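# Summary of the model geometry
As a plain string of letters, each chain reads:
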Amino acid sequence: MTTRLTVAQALVRFLAAQYTERDGVRQRSISATWGIFGHGNVAGLGQALVEYADDMPYHQGRNEQSMVHAAVGYARQSNRLSTHAVTTSIGPGATNLVTGAALATINHLPVLLLPGDTFATRVADPVLQQLEVPYAGDISVNDCLRPVSKYFDRVTRPEALIPAALQAMRVLTDPVETGAVTLALPQDVQAEAHDWPDEFFAERTWVVRRPGADPTELTEAVQTIRTARRPLVIAGGGVHHSRAEEALAEFAGTTGIPVASTQAGKGSLRHDHPQDVGGVGHTGTATANELARQADLVIGVGTRYTDFTTASGTLFAADGVRFLNLNIAPYDGHKLAGAPLVADARSGLTELTDALRLHAHQVTDAYVDEYTLDKERWEQRVDACFEADEPDIRPTQPQVLGALDALVDESDVVINAAGSLPGDLHKLWRARSRDQYHLEYGYSCMGYEIPAAIGVKMAAPDRNVWALVGDGTYLMMPTEIVTAVQEGIAIKLLLIQNHGYASIGGLSETVGGERFGTAYRYQSDDGTYTGAPLPVDLAANVASLGMRVLRAKTVRDLRAALEEARAADTPTCVYVETETADTVSGAPPAQAWWDVPVAETATRPSAVKARELYERHVSTRRRHL
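In this report, the structure presented in the accompanying data block is examined. (Residues numbered from 1 in each chain as written. Predicted model: local features only at pLDDT ≥ 70, side-chain atom pairs only at ≥ 80, totals over all residues. Heavy atoms only, no water.)

## Thoughts on the packing of aromatic side chains
Short version of the rule: Each aromatic pair joins two rings of Phe, Tyr and Trp (for Trp, the six-membered one) with centres within 6.5 Å, and gets the label stacked for planes under 30 degrees apart, edge-to-face for over 60, and tilted for any other angle. Here a strand is any run of E in DSSP of at least two residues, a helix any run of H or I of at least four, and the numbering for each starts at the N terminus. Think of it in three bands: with a 1.4 Å probe and only protein chains considered, a residue is buried below 20% of the maximum accessible area for its type, exposed above 50%, and partly exposed in between.
A full pass over the atoms with the stated rule returns 11 aromatic pairs. A centroid spacing of 5.2 Å and a plane angle of 70 degrees characterise the contact between F308 and Y441, whose relative ring orientation is edge-to-face. Of the two residues, F308 sits in helix 12 (residues 307–310) while Y441 sits in the loop between strand 19 (437–439) and helix 18 (449–459), which places them 133 residues apart along the sequence. Given the relative accessible area of 12%, F308 is considered buried.

This is the structure we're talking about:
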């Protein structure tokens, strides 16, 4: 039996019938579609979404990149088991997807991209917004999405949709391969009718596997752990993707091995778990980083070992340090010349715990006492950063975080991606639940927070979802505030005004750049931006987009505004001005290095001094072979 439908109608019906299943729980794989319509998709996917509105919910976006961020936020909150599709027209609508696609793929988060494309038949050539490439007639702007997609196909014939759609679902539901998947859809093909086999529209369940460890690798891993004196776990985002938090807690509690976390892995253990020692790397805690420097065995669980985690190759400094990498992806399992334990994080941790329990293996009491005391000392530093002795003055950024920290409980979700906030949050935030801490730091994309908060709130409607945004990030992408207002999605926006790119300003100063071009100020006669602050009222801008705004001038105001916003059932913004960009943080400085090359030759004293310091750090870098 066959059914005659357009390509776009067939695709929507197919997507509506796709499911994932893990641990016996089944759910829609593509639960909704975001879209902005133009001539490249309005008559194809636009019409199909109207035709099958009961089967495929639709959400209206304002910016194509933002729609991808919203889908990614939804996917992460859904443990990568459910995501959204995103449809755009051809031209700028399609190229606007590239940043979001890169973010999704770098973070191993599934999203389905359905950009319109130029005519497959080429009867109208060139069409509006077409990129003409004299040396290749089959290239369009959508080819920009190839390097940032885990799977890419251009559906130039109706019958080609069937294998393309099946391959797309295979990649989206694969815990190793998942990321952005792109099906480029020529606008004439979208509207073309075809006789489709009814089996194409039958419900299909994609089982998300949990592979266990190879017995040989497991035996070697157990022996490696048993011979280590100062082991340290580095928990990455894979712990969350696998829902391995309880297995990690059991492993840590059984063995006494301390657990540090990457930005993506923070919250793998609650902040008050005895073995949790906080963030690791350039934005990590002194406790975790000192343990990392002295560790003789580093057990990476679901981590990619980015340069922030390894302090650009300078952190793991002990002679003879070894690496054991539990990762579902062999590519990551072999990093740093480590011994791979290729398995699902939860399965692998459970197997390790059972094997080590047979040997009654635990680290020494002296080691536990050491990191416990160091953790207590760090918590005292956190308390000092959060404390506000004078509640009627303008807060520092850590005091803003402290006010929020004192208010939330384990049901709240805190979202951030870029600026000076990730460093402060990684060092200071006390994660109370497995998914409270939502940092996108694989791509660290300014503008992610607001649309991602919408996606998270859609996936978890009963949770309080906070988007923490600085003024630089806000000006990049505030557009989806309109979407939140339109759909009544009650996200909480904490907007921090510090008059500039605070994070890059601080970095600029340390590398001899003298904060050039990082402050939001009028230009001075010498061409630098060192004049008076700009008269920009971001709170008024938020209000103009339809969101309720609560202004806070002091610490006392801030506490009251945050409490009022948390109780609100409509989209609400808390706006607070902190210190200027050059004094924004007040948090403890970096506890580990990060390699940002400094000018090798310069005449300005700041750059000369920065280069001297850079060369001292570079000399400590090592390759683990």
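And the narrative resumes.
## Overview of the pattern of salt bridges
Going by this rule: Only one rule defines a salt bridge in this text: a Lys or Arg side-chain nitrogen within 4 Å of an Asp or Glu carboxyl oxygen.
Summed over all chains, the structure comprises 38 salt bridges. A salt bridge links D143 to R146, with the nearest nitrogen and oxygen atoms 2.6 Å apart. Note on D143: relative accessible area 17%, which makes it buried. One network of salt bridges, with partners in common, ties together R243, E245, R434, D435 and R463.

## Details of helix 24 (residues 605–618)
Where we set the bar: One less than the residue count of a helix, multiplied by 1.5 Å, gives the span that helix is expected to have. When we speak of the arc, we mean the arc of directions from the helix axis to the C-beta atoms. In what follows, a contact means two residues having at least one pair of non-hydrogen atoms within 4.5 Å.
Between the first and last C-alpha of helix 24 there are 20 Å, a value that for 14 residues agrees with the 20 Å anticipated at 1.5 Å per step. When we look at burial in helix 24, the residues that qualify are A607, A610, R611 and Y614. Down the axis of helix 24, the buried set is contained in an arc of 105 degrees. They therefore lie on one face. Seen from the open side of helix 24, the exposed residues pointing more than 90 degrees away from its buried face are P605, K609 and R616. Contacts made by the buried residues of helix 24 are with helix 21 (502–510).

## Some details on the side chain of E440
For the record, the criterion: In this count, Lys and Arg are taken as positive residues and Asp and Glu as negative ones, while His and the chain termini are left out. Within 3.5 Å is the distance limit for a polar contact, defined as a pair of N or O atoms, with the added protein rule that one can donate a hydrogen and the other accept it, and that residues adjacent in sequence qualify only through two side-chain atoms.
The topology assignment puts E440 in the loop between strand 19 and helix 18. There is no salt bridge for the buried E440, and the closest opposite charge comes from R76, which lies 7.2 Å off by N-O distance. Within the structure, the side chain of E440 is placed 3.1 Å from the backbone nitrogen of S444, a separation counted as a polar contact. In contact with E440, other than residues within four places in its own chain, are R76, L103, N107, N416, A417, C445 and Y448.

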